[in-house]
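Letter by letter, the chains look like this.
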Amino acid sequence: TDGRNQTVMFDTLEDWRYELERTKGNVKYKAVTTNEGYRVSEKLPLYFVVPICISEESILKYEGRGIPIWCWSCHNGAALLKMSAFPKEQDDSTSQMQKAFLDGIYKTISKPPYELLKTEDLSSSLPSLQDIQTAYTRFKQLFLIDNSTDFWATDVKWFSLLESTNWLEIIRRVLKKAIEVAECLERQHTNVLLIEESATDLCCVISSLVQVMMDSYSRTKSGFQSLIQKEWVIGGHGFLDRCNHLHKSDKDEAPVFLLLLNCVWQLVQQYPPAFEFTETYLTVLSDSLYVPIFSTFFFNSQHQKDINTSGESLKIQSGPFRFLTVWDWSVQFDPKAQAFLNNPLYAEKPKPDKSQRKTARFKHQRQLSLPLTQTKSSTKRGFFREETDYLIKNILGKTIGKFINSSDESPNSFREFYDSWHSKPVDYHGLLLPRIDGPEIKVWAQRYLRWIPEAQLPGGGTIATTAKILELMEEVQSLQVKMDEEHNQGTFGDVHSVPMLRNSARLSSLFPFALLQRQSVKPALPTSTWKDLEDEEDLVKRDDEFVDLGGEML
Amino acid sequence: QSLNDGTNWEQNEEIPRLPGETRVTDKDVIYMCPFNGPVKGRVYITNYRLYLRSVENDPVVVLNVPLGVISRIEKMGGASSRGENSYGLDITCKDMRNLRFALKQEGHSRRDIFEVLTKYAFPQSHNLLFFAFANEEKFSENGWMVYNPMSEYRRQGLPNDRWRVTFINEHYSLCDTYPSLLVVPYNATDEDLKKVAAFRSRNRIPVLSWIHPETQAVIMRCSQPLVGMSGKRNKDDERYLDIIREANGQISKLTIYDARPNVNAVANKATGGGYEGEDAYPNAELFFLDIHNIHVMRESLKKLKDIVYPNVEESHWLSSLESTHWLEHIKLVLTGAIQVADKVSSGRSSVVVHCSDGWDRTAQLTSLAMLMLDSYYRTVEGFEVLVQKEWISFGHKFASRIGHGDKNHADADRSPIFLQFIDCVWQMSKQFPTAFEFNEQFLITILDHLYSCRFGTFLYNSELLREKEKVAEKTLSLWSLINSEKSKYTNPFYTKELNRVLYPVASMRHLELWVNYYIRWNPRIRQQQPNPVEQRYMELLALRDDYVRRLEELQITNNSKVSNSSSSSASPSQMMSQVQTHF
C-alpha cells in the first residue's frame, strides 16, 4: 500500500490539530499560525504547537527562542516539550532581558493546568555533535574493508576496536537518557522540556525515541513515518548540513538521524513483535537519506524546501521542479521487495471491540502497576531542575530559584523504574524500555556487514526464520481463500496473496542487499588468528595432565 | 530463577521432590540475593537439591539448586563477626553463580547445615553414591537406548570393504579410555593395532569417527605419538597412517590436525609426547590449530564469570569481554573444526585429529566437524548420539573435568571443555536458526545436568568405569528426560536439509556471548521467555493445522450435503483477525 496516504506530513494546521487530538494534548496546547510567511523564523515550521497560555508576542520576541514547543502528550497528560535556548550572551543587559523573559515563560507554564516541569539540557548531558561525528567516522571505518586479509586482521581485536570508536556507548547513553525522560513522563507525571541551542538535533533524537518507546502508534510504519515528519523533517533538523549533501563544509556534518535509527534498531531487535516495520525497513530508510531524488531528507528546514521547490525553481525551463517523498516506497521498491519492510511478527494493536475487551483491559497493566513515587496529587506545583542544568544555573539565576522544587528524585529512581519494568512481562503495545546493559547493545549487523562477503552466512541469519514465517503466513492465507471458496461453493477469480519468497532455505544473511557472493562452498577461514596470551604465560606452557609419558613407556 | 528440571515432582509437597529424593534438613536463613538484597526464607536440603523459599517477599523468591552444581562451600564470618548478615555460608557454583546465606550467630547454627551440604554436595569425598543412583523417576522413553555404536556405524555405512569393526578392545585391554567397539582400516590387523597402541599416548590409537558417504574420506581421532626428546619413530604407526590414507584411494597426503599450538606440541616432547615429524611421515601434512590447553580455558571462564556475575561490567563491556578471551577460544575451536570439515568435504581427503591425549580438544574438533558435515547430528536424536559417541564413549574425562561430587574445587583437572563445545554449537545454531532440530533450551538443559548428577549420563571418566559402576542399569539417562518431552526442546523453525555442509563464520563479527546461559541469573539481562518469535511461529503453525482440519470438515460437509447448511466453524475473516492480533 502507498505509505504516502497514511503518513501525516505536518505541513498543515490540520495535521497538528489532529495530532493534538490523537494524544489528547488539545486541552493545554494549541497549534499556532504565528509563523505563516515565516514571520517568526525561517528555522521554525509554518505551524507548530505551544502551551495555550503562550502569547503571539512572546513567540515573536526572540524568533521563537525560549518558547516551549510541544512534541507529544503522554496518556496521563504530561507533555514532552522542546525549546531552543539562547546563545551565551556577552552583553549583560541582553542576558538580563532574556533571563526575565524565560522567567516569565516558566512562570506561565508552571501554573495549573500544567504538570510539574523538568528541564533537560541535552547539550550538557549528552555527547556533543562533534563527539558523535568522530565516533561514527571511526565506527564506519571498521566496516570499510578492502579484502579478506583486512577482515581477518581486524577480527582479532574486533571488540576493543569497536569499543574504541565509542559509537555503541553513545547509543547506550542516548537510550538511557530517553528512559530517564520516559520515567519523568510516565511515573512522575512531569512535563519534560528538552533544551538545546537549536532544538533540532539531539532534541529530535530524544523526543523521537521517547515517542517510539511510549506511543505504540510510533511503532507502526505510518506512525513512525509521521514521527519522522513531525520531529525531523518539519521539526527543522538540518539534513542538508548534517548529511553534508553538498560537500561544502565538513564542520556541520554529524550523523544525528542515523543515531536515531541505530537506537530504534536496538529496540526493534530486542522486541521484534512490537514493531510493524523490520530492520530492513530501517536499513533502506537509512539508505534513502542519501538518495537525492527525495526531498524528504534534503533540506535544512521547511522554509528552505519551500523556496527551492516553489519560488525559484519555477524559472527553470523544465517547469516546476518536483521532488518525491521518501515515504512513497513504491518509487524505490516493487511490491515484492516492499514485503520485506513489513514485519510478519507484528502483533497489531487489539481493537477494543466487544469480543476483545478482555485484551484491551490488559493494555495498561504495566503502567498501572508501576510504583508511583510522585503522583499527580502532589500539592507542589512548579518545576525542578537537574544539577547539571546549565541553562537555569547560568541564565535564570536566582530569580527563578523560588519556583524550583528541590528534587525528590533519588539516584536510584531510574534504576528502580528500569528494573521494575523489566521484571514484568512485556506488553508490546504499552511502554517499551530498551535493555541497555553492555551485552544488549549490538552492532546493526544488517546495515554494517551487508557488503562484506566474509561475514555472509549462506542460508543463515535472521532472514532464515523470517522467510519461514512469511512462507507459513502465505500458506495460512491461501487456506483462508480455500475456506472462503468452500463456504461459498464458488470460485473467486483473483487470489490475493502477499508476494513471498520461494525456495527460501538458502537465502544468505545478506539478503536482500546482496546475493550469494561466495560462489564456492568453501568456508570463510580466518587467515590471522590470535595466539597471544602474555598474561597467562605459565598456564599456556603447562600440559593438560601432569604425567610423564616418557617414563611410562620405557 | 529456578532450575527448570522437568515435571516429575511429587504433588502436594511443600517443596518439589523427585521420586527417590529424601529430605535431610531445613533451616531459616537469609539469602543474600545480589540483585534484590537480603531475602528472608527457609532453606530445605535434600539428597539432591538445595531449595529456598522466601517467607516475606511477593512474588515468592525461589532458589532451586541441585547440589551437584556446587563447587565449593565456605564459611563466612565467625562467631564474633559484627555487622548484619556477616555470618553464614558462601557457596560457589559451577553454573556461573554464587550463593550466600546469612544465619543466626547463636549456637553455631551453621555447623549442621554446612556438614549436611558438604556431605551431599560432595558424595564422592564421603564414600556416598551420586543421587543418580537413588533417583527413581519414570520416563516414557529410555535414553540408554539412544546410542548403539553398531547401529551408528551402520548408519554411516560401516563396516565396508575398507573399514572393519574390531572387538579388540572388548575388555578394554587395548585402551582403557576407549569404547569397546572400534572401527579401523580393513587392512590393519589386530596385531598391528597393538603395536600402534604402544606408540600412542595412553594407547589411544587412530580410529574412525566419521566417514564421508561419497568421497569415503574419514575423520580419525587419536592421541599424540610418543616421539619424545630423542625423536623416536615407530614403523607400525607410520604404516598404519599410510593405510588410513590409502583407504579411500587417496593419492594426496594425509592431513594431520594437531589441535595444540606449535610450541606446546614441541614442549610435549620433553614428557615423551610430540607430533608426527616430516621425516617419519612423508605422506602426511601436519597443521597446528593453536587451541590452548585446559588450564587456559578454565582461567578464561573464571574471568568471564568475574565480568558477568553478579553484576555485568558497566563501562568498557566490550574490552572486558575481549580480555577474558572466551570468545577468541570459541573462535579458534570453530576455526579448527571448519578446517577439518572442509578438508574432508571439499578436499576429499582423510584427516587425523589429535591433541595430547585426544579426549578434550580432539573431541571438540571431531564432534563439531561432524556436526558441520552430517545433518543427522543436527537432530535431537543425532546430537544425543554425537555426545554419547564422541564425548562419553571416547573417554572425555567428565568426572575429572567437572569434578562430580568431589570437594577439591581447585583441582587442576577441572576445565569447561564440554561447556565450550556446547557454546560452539549454540553459536552455530544462532548463525543458522533453521538448521538444528533442537533449541536453546535443549543445550541449556544438557549443561544443567552436566552438573546436577541426577542422571548417569555424564558420570565417570570412561566406558570402562561406567560399566564397572553399572551406570546404565542403576541410573537414568538424561536423554530419557529430554526424549519424553521432546516438544519442549524442539526448534519450530527447523528445516530438514540433507547433505548440507554447514560452515559457521568464525568471526568475532558474528560470535556473541551466550547471554541466556552465562548471564541467566541476572534478572536485568534475562531474555523474554518464551522467545516471542518462536511463539508467534508456533501460533501460526497451530492456526494452519486448524485451517487444514476445518477445511477437510467443510469439504466433507459440502460433498455429503448439497443443501446450504450453516457451518459451525468461524468465518474466515474472524480467523484472520486472530492471525494479526493473537499476541
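Residues numbered from 1 in each chain as written. Chains lettered and ligands numbered in written order. Predicted model: local features only at pLDDT ≥ 70, side-chain atom pairs only at ≥ 80, totals over all residues. Heavy atoms only, no water.

### Describing the overall build of chain B
Part 1 of the reasoning: Tallying secondary structure elements over chain B gives 19 helices and 14 strands in all.
Part 2 of the reasoning: Here the C-alpha atoms of chain B give a radius of gyration of 27 Å, agreeing with the 25 Å that 2.2 N^0.38 yields for 583 residues.
Part 3 of the reasoning: In terms of its C-alpha atoms, chain B occupies a principal-axis envelope of roughly 90 × 75 × 50 Å.
Part 4 of the reasoning: The buried share of chain B, taken over its 583 residues, is 62%.
Part 5 of the reasoning: For chain B, the proportion of contacts with a sequence separation of at least 24, taken over those separated by at least 6, is 71%.
Part 6 of the reasoning: Accessible area of chain B: about 21,900 Å², with a carbon and sulfur share of 47%.
Part 7 of the reasoning: The average position of the 69 basic charges and that of the 71 acidic charges among the side chains of chain B differ by 2 Å. (Helix = DSSP H or I, 4+ residues; strand = E, 2+ residues; numbered from the N terminus. Rg over C-alpha atoms; globule rule 2.2 N^0.38 Å. Buried < 20%, exposed > 50% of the residue type's maximum accessible area, 1.4 Å probe, protein only. Contact = heavy atoms within 4.5 Å. Areas by Shrake-Rupley, 256 points an atom, 1.4 Å probe, with all protein chains shown as cover. Lys, Arg positive; Asp, Glu negative; His and termini not counted. Charge placed at Lys NZ, Arg CZ, Asp CG, Glu CD.)

### Here's the deal with the pairing of strand β3 (residues 49-54) of chain B
Residue and element names in this part refer to chain B.
Part 1 of the reasoning: Most of β3 sits inside the fold, with five of its six residues counted as buried.
Part 2 of the reasoning: Direction of pairing for strand β2 (residues 37-46) relative to β3: antiparallel, over a ladder of five bridges. Note on β3: the bridge partner recorded for Tyr44 is Tyr51.
Part 3 of the reasoning: Once β2 ends, the chain turns through two residues before running back antiparallel as β3.
Part 4 of the reasoning: Inspection of the sheet shows β3 paired to strand β4 (residues 62-66) by five bridges, in the antiparallel sense. Along β4, the bridge assignment pairs Leu52 with Leu63. (Pairing = 2+ DSSP bridges.)

### Quick notes on the interface of chain B and chain A
Part 1 of the reasoning: Listed as interface residues are 97 residues of chain B and, on the opposing side, 88 residues of chain A.
Part 2 of the reasoning: Buried area between chain B and chain A, both sides added, is near 8,500 Å², and the carbon and sulfur share of it is 59%.
Part 3 of the reasoning: Between the two partners, chain B and chain A, sit eight salt bridges.
Part 4 of the reasoning: Residues A:Lys157 and B:Glu322 are paired through a salt bridge, measuring 3.9 Å at the closest nitrogen-oxygen approach.
Part 5 of the reasoning: Inspection of the chain B/chain A interface yields 19 residue pairs in polar contact (both at pLDDT 80 or more).
Part 6 of the reasoning: Elements represented by at least two residues in the side of chain B that touches chain A include exactly α6 (294-308), α7 (317-324), α8 (326-345), α18 (532-560) and α19 (572-581) of chain B.
Part 7 of the reasoning: In terms of residue count, α18(B) provides more of the side of chain B that touches chain A than any other element does, 15 residues in total. (Buried area = accessible area lost by both parts, 1.4 Å probe. Salt bridge = Lys/Arg side-chain N within 4 Å of Asp/Glu carboxyl O. Polar contact = N/O pair within 3.5 Å; in protein donor to acceptor, adjacent residues only side chain to side chain.)

### Overview of the UniProt feature "domain: Tyrosine specific protein phosphatases" (unreviewed entry) in chain B
Part 1 of the reasoning: Under the UniProt annotation, the feature "domain: Tyrosine specific protein phosphatases" (unreviewed entry) is placed at residues 324-386 of chain B.
Part 2 of the reasoning: Along residues 324-386 of chain B one finds 65% helix and 6% strand; the C-alpha atoms at either end are 29 Å apart. (UniProt positions renumbered as here; feature names shortened; annotations may be inferred.)

### Some points on the sheet that holds strand β7 (residues 98-102) of chain B
All names here are of chain B.
Part 1 of the reasoning: If you walk across this open sheet you meet the seven strands as β4-β3-β2-β1-β7-β6-β5, and the pairing is antiparallel. Each of the sheet's edge strands pairs with one partner strand only, and the pair in question is β4 and β5 (70-76). Sheet twist, expressed as the average angle between the axes of neighbouring strands with direction ignored, equals 30°.
Part 2 of the reasoning: Of the strands in this sheet, β1 (23-33), β2, β3, β5 and β6 (88-93) are in contact with helix α1 (residues 110-121), which crosses β5 at around 165°. (Axes fitted to C-alpha atoms, helices over the stretch in contact; angles between N-to-C directions.)

### What about unusual backbone geometry?
All names here are of chain B.
Part 1 of the reasoning: Residue Pro159 is reached from Leu158 by a cis peptide bond, and omega for that bond is -5°.
Part 2 of the reasoning: Its place among the elements puts Pro159 in the loop between α2 (149-155) and β8 (163-166).
Part 3 of the reasoning: For the bond running from Tyr309 to Pro310, omega is -5°, close enough to zero to count as cis.
Part 4 of the reasoning: By secondary structure assignment, the location of Pro310 is in the loop between α6 and α7.
Part 5 of the reasoning: One non-glycine residue with positive phi stands out, namely Tyr172, at about 60°.
Part 6 of the reasoning: With respect to the helices, strands and loops of the structure, Tyr172 is situated in the loop between β8 and β9 (182-185).

### Observations regarding the pattern of salt bridges
Part 1 of the reasoning: One pass over the full model with this rule turns up 61 salt bridges over all chains.
Part 2 of the reasoning: For A:Lys442, the salt bridge identified is with B:Glu512, shortest N-O distance 3.6 Å. Of the two residues, A:Lys442 sits in the loop between α20 (413-422) and α21 (445-449) while B:Glu512 sits in the loop between α16 (478-484) and α17 (515-518), which places them in two different chains.
Part 3 of the reasoning: With a relative accessible area of 26%, A:Lys442 lands in the partly exposed category.
Part 4 of the reasoning: Using a relative accessible area of 24% as the deciding quantity, one classes B:Glu512 as partly exposed.
Part 5 of the reasoning: Within this structure, A:Glu169, A:Arg172, A:Arg415, A:Asp419, B:Glu314 and B:Arg524 form a network of salt bridges that share partners.

### Structural notes on the confidence of the model for chain A
Residues and elements named next belong to chain A.
Part 1 of the reasoning: Considering every residue of chain A, the mean pLDDT works out to 80; 78% of them sit at 70 or more.
Part 2 of the reasoning: Taken together, the stretch residues 354-409 has pLDDT below 50 and engages in 111 contacts with residues farther than four places along the chain or on a different chain.
Part 3 of the reasoning: Contacts for the low-pLDDT stretch residues 492-500, under 50 throughout, to residues beyond four places or in other chains number 13 contacts. (pLDDT = per-residue confidence, 0-100.)

### Describing helix α8 (residues 158-165) of chain A
Part 1 of the reasoning: Among the residues of α8(A), A:Trp158, A:Phe159, A:Leu162 and A:Thr165 are the ones counted as buried. End-on, the buried residues of α8(A) take up no more than an arc of 120°, which puts them together on one face.
Part 2 of the reasoning: The inward-facing, buried residues of α8(A) abut α6 (129-141), α7 (148-155) and α9 (167-186) of chain A together with α7 and α8 of chain B.
Part 3 of the reasoning: A positive backbone phi angle near 75° is found at A:Asn166, which sits one or two residues after α8(A). (Arc of directions from axis to C-beta.)

### Brief notes about the domain arrangement of chain B
Residues and elements named next belong to chain B.
Part 1 of the reasoning: For chain B, the assigned domains are domain 1 (23-128) and domain 2 (150-402 + 409-527).
Part 2 of the reasoning: Of the roughly 1,700 Å² buried between domain 1 and domain 2, counting both surfaces, carbon and sulfur atoms make up 61%.
Part 3 of the reasoning: Of all residues in domain 1, the largest losses of buried area upon contact with domain 2 belong to Phe35, Lys94 and Met96, amounting jointly to 45% of the total for that side.
Part 4 of the reasoning: Counting across the interface, domain 1 meets domain 2 through zero salt bridges. (Domains from an automatic or database assignment.)

### Examining the packing of aromatic side chains
We describe a pair of aromatic rings using the distance from one ring centre to the other and the angle between the two ring planes.
Part 1 of the reasoning: Inspection of every chain in the model, using the stated rule, returns 60 aromatic pairs over all chains.
Part 2 of the reasoning: Here A:Phe139 and A:Trp167 contribute two aromatic rings whose centre-to-centre distance is 5.9 Å and whose plane-to-plane angle is 35°, an arrangement assigned as tilted. Placement of A:Phe139 in helix α6 and of A:Trp167 in helix α9 is noted, with a sequence separation of 28 residues between them.
Part 3 of the reasoning: Judged by relative accessible area, which is 1%, A:Phe139 ranks as buried.
Part 4 of the reasoning: You can call A:Trp167 buried: its relative accessible area is 0%.
Part 5 of the reasoning: Ring centres of B:Trp514 and B:Tyr518 lie 6.3 Å apart, and the angle between their planes is 90°; this geometry places the pair in the edge-to-face category.
Part 6 of the reasoning: Of the residues examined, B:Trp514 reaches a relative accessible area of 0% and is grouped as buried.
Part 7 of the reasoning: Between the NZ or CZ atom of A:Lys176 and the centre of the ring of A:Phe414, over which it lies, the distance is 5.2 Å.
Part 8 of the reasoning: Over the face of the ring belonging to B:Phe114 we find B:Lys75, whose NZ or CZ atom lies 4.4 Å from the ring centre. (Phe/Tyr/Trp six-rings, centres within 6.5 Å; stacked < 30°, edge-to-face > 60°. Lys NZ or Arg CZ within 6 Å of the ring centre and 35° of its normal.)

### Quick word on the UniProt feature "domain: Myotubularin phosphatase" (unreviewed entry) in chain B
Part 1 of the reasoning: Taking the numbering used here, the UniProt-annotated feature "domain: Myotubularin phosphatase" (unreviewed entry) corresponds to residues 143-518 of chain B.
Part 2 of the reasoning: Segment residues 143-518 of chain B splits into 42% helix and 9% strand. End C-alpha atoms: 27 Å apart.

### Some words on the packing of helix α3 (residues 190-197) of chain B against helix α4 (residues 235-246) of chain B
Residues and elements named next belong to chain B.
Part 1 of the reasoning: Two elements in contact, α3 and α4, have axes separated by 8 Å at closest approach and are oriented at 120°. As far as their axial angle goes, α4 and α3 are oblique. Remark: the crossing between α3 and α4 carries left-handed chirality. Two secondary-structure elements touch here, α3 through Asp192, Leu193, Lys195 and Val196 and α4 through Asp236, Asp237, Arg239 and Tyr240. (Parallel < 35°, antiparallel > 145°, perpendicular 65-115°, else oblique. Left-handed = near helix turned anticlockwise from the far one by under 90°.)

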